[in-house]
Amino acid sequence: MSSVKQFPQSHLLLAALVALLLTSYLLASPDTHEQDRFTTELVLERLEPTLTEPVSATAPTGPPTHTHTETVRAGDSLAAIFKRLDIPARELQAVLDSGTTAQRLKRIHPGHQLTLITLADAAAGEPTLQSLSYATGALERLVFKREGDVFVARHIERQPDRVMAYKTSTIESSLFLASQQIGLNDDIAVRLARIFQWDIDFVLDIRQGDQFHLLYEELYLDEEFIGFGEILAAEFVNRGKAYRAIRYTDGNGDSNYFTPDGRSMRKAFLRAPVQFSRISSNFNLRRLHPIRKRVIPHRGIDYAAPAGTPILAAGDGKVISATRNSASGNFVVIQHGQQFQTKYLHLSKFGRGVRAGKRVQQGQIIGYVGSTGLATGPHLHYEFLVNGIYKNPRTVSLPEAKPIRAKERARFELHAAPLLALLDNYKQQVELAVR
Ligand SMILES: [Zn+2]
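What comes next concerns the included structure. (Residues numbered from 1 in each chain as written. Predicted model: local features only at pLDDT ≥ 70, side-chain atom pairs only at ≥ 80, totals over all residues. Heavy atoms only, no water.)

### Re the coordination of the zinc ion
For a metal bound by four donors in a tetrahedral arrangement, the ideal donor-metal-donor angle is 109.5 degrees, while six donors in an octahedral arrangement ideally sit at 90 or 180 degrees. The cut-off we apply is this: Sodium, potassium and calcium take a 3.2 Å donor cutoff, other metals 2.8 Å, and in both cases only N, O and S atoms count; water is not among them, so sites may look incomplete. Square planar and octahedral sites, with four and six donors, are those where opposite donors lie more than 155 degrees apart and all other angles lie between 65 and 115, tetrahedral sites have four donors with every angle between 85 and 135 degrees, and the rest are irregular. Secondary structure follows DSSP: runs of H or I at least 4 residues long count as helices, runs of E at least 2 residues long count as strands, and numbering of each begins at the N terminus. Relative accessibility thresholds used throughout: buried, under 20% of the residue-type maximum; exposed, over 50%; partly exposed, between the two (1.4 Å probe, protein chains only).
The protein atoms donating to the zinc ion are His298 (NE2), Asp302 (OD), Asp302 (OD) and His381 (ND1), with metal-donor distances spanning 2.0 to 2.7 Å. Coordination geometry of the zinc ion: the four donor atoms subtend angles of 53 to 152° at the metal centre, consistent with an arrangement described as irregular. Of note, the zinc ion draws all its donor residues from one chain, in the sequence arrangement H-x3-D-x78-H. Here His381 lies in strand S21 (residues 379-386) and His298 lies in the loop between strand S13 (278-281) and strand S14 (301-304), a separation of 83 residues in the sequence. Like His298, the residue His381 is buried in the burial classification.

### Overview of the environment of Asp254
The condition is simple: For this analysis, residues touch if any pair of their heavy atoms sits within 4.5 Å.
Looking at where Asp254 falls in the secondary structure, it is placed in the loop between strand S11 (241-249) and strand S12 (255-258). Overall, Asp254 belongs to the partly exposed group, its relative accessible area being 42%. Discounting chain neighbours no more than four positions away, the residues touching Asp254 are Tyr248 and Thr249.

### Some details on the sheet that holds strand S10 (residues 224-238)
Let me state the cut-off plainly: One requirement defines pairing of two strands: DSSP has to find at least two bridges between them. Note on geometry: axes are lines fitted to C-alpha atoms, helical ones only across the stretch in contact, with angles between N-to-C directions running from 0 to 180 degrees.
Spatially, five strands are ordered S8-S9-S10-S11-S12 in an open sheet, and the strand pairing comes out antiparallel. Strands with a single pairing partner mark the edges of an open sheet, and in this sheet they are strand S8 (161-170) and S12. For this sheet the average axis-to-axis angle between neighbouring strands, irrespective of direction, equals 30°. As paired elements, strand S9 (residues 211-221) and S10 share ten bridges and run antiparallel to each other. Across the sheet, the residue bridging to Leu219 is Gly227, located in S10. Along the sheet, helix H5 (residues 186-196) contacts S9, S10, S11 and S12; its crossing angle with S10, the most-contacted strand, is approximately 35°. Of the strands in this sheet, S8, S9, S10, S11 and S12 are in contact with helix H6 (residues 409-434), which crosses S11 at around 140°.

### Brief notes about the sheet that holds strand S7 (residues 150-157)
Adjacent strands of a sheet pair through backbone hydrogen bonds, lying either parallel or antiparallel. Strand order in the open sheet formed by five strands is S3-S4-S5-S6-S7, and the pairing between neighbours is antiparallel. The open sheet is flanked by strand S3 (65-71) and S7, the only strands paired with a single partner. If you compare each strand with its neighbour and ignore which way they point, the axes differ by 20° on average. Bridge analysis of S3 against strand S4 (residues 113-120) gives seven bridges, and the strand direction is antiparallel. Within S4, the position partnered with His68 by the bridge is Leu116.

### Brief notes about the environment of Asn284
The criterion, for reference: Polar contacts, as used here, are pairs of N or O atoms within 3.5 Å; protein pairs need one atom able to donate a hydrogen and one able to accept it. Residues neighboring in sequence count only if both atoms are side-chain atoms.
Assignment of secondary structure puts Asn284 in the loop between S13 and S14. Considering only alpha carbons, one finds Asn284 and His298, 14 residues apart in sequence, at a separation of 5.1 Å. Residue contacts for Asn284: discarding those within four places in its chain leaves Pro297 and His298. One polar contact links the side chain of Asn284 to the main-chain amide nitrogen of Arg287, over a distance of 3.4 Å.

### Digging into the pairing of S10
The element S10 is extensively covered by neighbouring structure, given that eleven of its 15 residues are classed as buried. In this structure, the hairpin formed by S9 and S10 is closed by a connection of two residues, where Asp222 is found at a positive phi of approximately 50°. One ladder, built from six bridges, connects S10 with S11; its direction is antiparallel. Residue pairing in the sheet places Ala233 in a bridge with Ile246 of S11. In textbook terms, the turn of a hairpin is the stretch between consecutive antiparallel strands, and for S10 and S11 this stretch comprises two residues, one of which, Arg239, has a positive phi near 50°.

### Regarding H6
Basically, it comes down to this: To estimate how far a helix should reach, multiply one less than its number of residues by 1.5 Å.
Between the first and last C-alpha of H6 there are 37 Å, a value that for 26 residues agrees with the 38 Å anticipated at 1.5 Å per step. Within the sequence span of H6, burial applies to Phe412, His415, Ala416, Pro418, Leu419, Leu420, Ala421, Leu422, Leu423, Tyr426 and Lys427.

### Considering the packing of aromatic side chains
The test is simple: Any pair of Phe, Tyr and Trp rings, taking the six-membered ring for Trp, is counted once the centres come within 6.5 Å. Such a pair is stacked with planes under 30 degrees apart, edge-to-face with planes over 60 apart, and tilted for the rest. We call a charge positioned over a ring when the NZ of a Lys or the CZ of an Arg lies within 6 Å of the ring centre and within 35 degrees of the ring normal.
This structure, assessed with the given rule, holds 14 aromatic pairs. Relative to Phe228, the ring of Tyr216 lies with its centre 5.8 Å away and its plane at 55°, an arrangement referred to as tilted. You can see Tyr216 sitting in strand S9 and its partner Phe228 sitting in strand S10, a full twelve residues away along the chain. Like Phe228, Tyr216 is buried. Against the face of Tyr368 rests Lys349, its NZ or CZ located 5.2 Å from the ring centre.

### Quick notes on the pattern of salt bridges
What counts is decided by this rule: The rule for a salt bridge is simple: a side-chain nitrogen of Lys or Arg has to be within 4 Å of a carboxyl oxygen of Asp or Glu.
Enumeration according to the criterion identifies 23 salt bridges in this entry. Among the ionic pairs, Glu230 bridges to Arg247, the shortest N-O distance being 3.2 Å. Within this pair, whereas Glu230 is found in strand S10, its partner Arg247 is found in strand S11, the two being separated by 17 residues in sequence. A residue is classified by how much of its surface remains accessible, and Glu230, at 29% relative accessible area, is partly exposed. One salt bridge connects Glu235 with Arg244, and the closest N-O pair in it is separated by 2.6 Å.

### What about the pairing of S7?
Pairing geometry for strand S6 (residues 140-147) and S7, over eight bridges, is antiparallel. Paired with Arg146 across the two strands is Phe151, which belongs to S7. Connecting the antiparallel pair S6 and S7 is a turn made up of two residues, with Gly148 showing a positive phi of about 70°.

See the structure below:
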């Protein structure tokens, strides 16, 4: 009976989704306010900075002031800079006495900008400092202003405009090249790979024709692009299989990526404990030993990598051995809860503080690739045990990290639905354009 008219409905749907999205996006960014521009194209919204406070370099009337602009050099200190400018050290002390904000001035960083305004004091024969401004970048400035005999500190932060954008690219040779081709930098590419690293091995699994779709933030200050914000949602199509992730900030303020149905993108274990390596010998319980000509099982995976390559703990756990023997060389065994154990053999050395009884976290460096023990060249021999039984680390099904908490479920869905719909919509537009 009911016939659905596709066109108007999809438009209505998009409008509703965009409205929903804006609501959830504004809610998610409490620092920003006042939305002033909105188109349904790539720029979805633009938010005004909360505070614009130029530091005035002009004195009203009276004795002449000098403005000195200094870029902090390597090895510089404020004392050295004051000396260069012939400003008395007691003026610096007065600034440092202004309170806790001034503590930040004890460690100034090369490249940051200092602006000092002095007043030529004819009677004293020495200039007096009127204000000091320390800019750590476009977004933050510490300002110390003279009020009588003391300095009053202010911490000025600017919020960039956050503009949501969409981009897609198809991999021809590498993820980095595919990202560069559409104007994204390596940092975004690495962050994208990190989101999916539990499902996709970005060294071994990537194929020509793999594709990604990104909804992310671009940051603008005074209409000028200053960098990338967060990846809000992403889809990665690896060998025809699509993986999707949504960034969600929970009630405690912790941000993580989840699948559309609320499962964590993180797994309890990394698929491989060494990055940028290649497999030189696979898991094989019936391996015919090339020299001894009999079946000697290979109960782990060998990752060939240059000596000294960091080895990461595959999951959170407790080190139960960090020692050596003649066959395994330096090796580490980590217990993860009751069921799981991981073993790392032939290390050149152990990670800092890694010894029996110590807790380690997923991704922590527990040692470095070497060729100690019975090894012909530098590699990591990695083993994965479930209830004492050796499993193939490449294919064993890994337990997931915690999903969305039940009480956050509704809020997550409200946040995720419009992002997913936008991804779908953009994908569709791109597919139509290609046809
Ligand atoms: Zn091996």
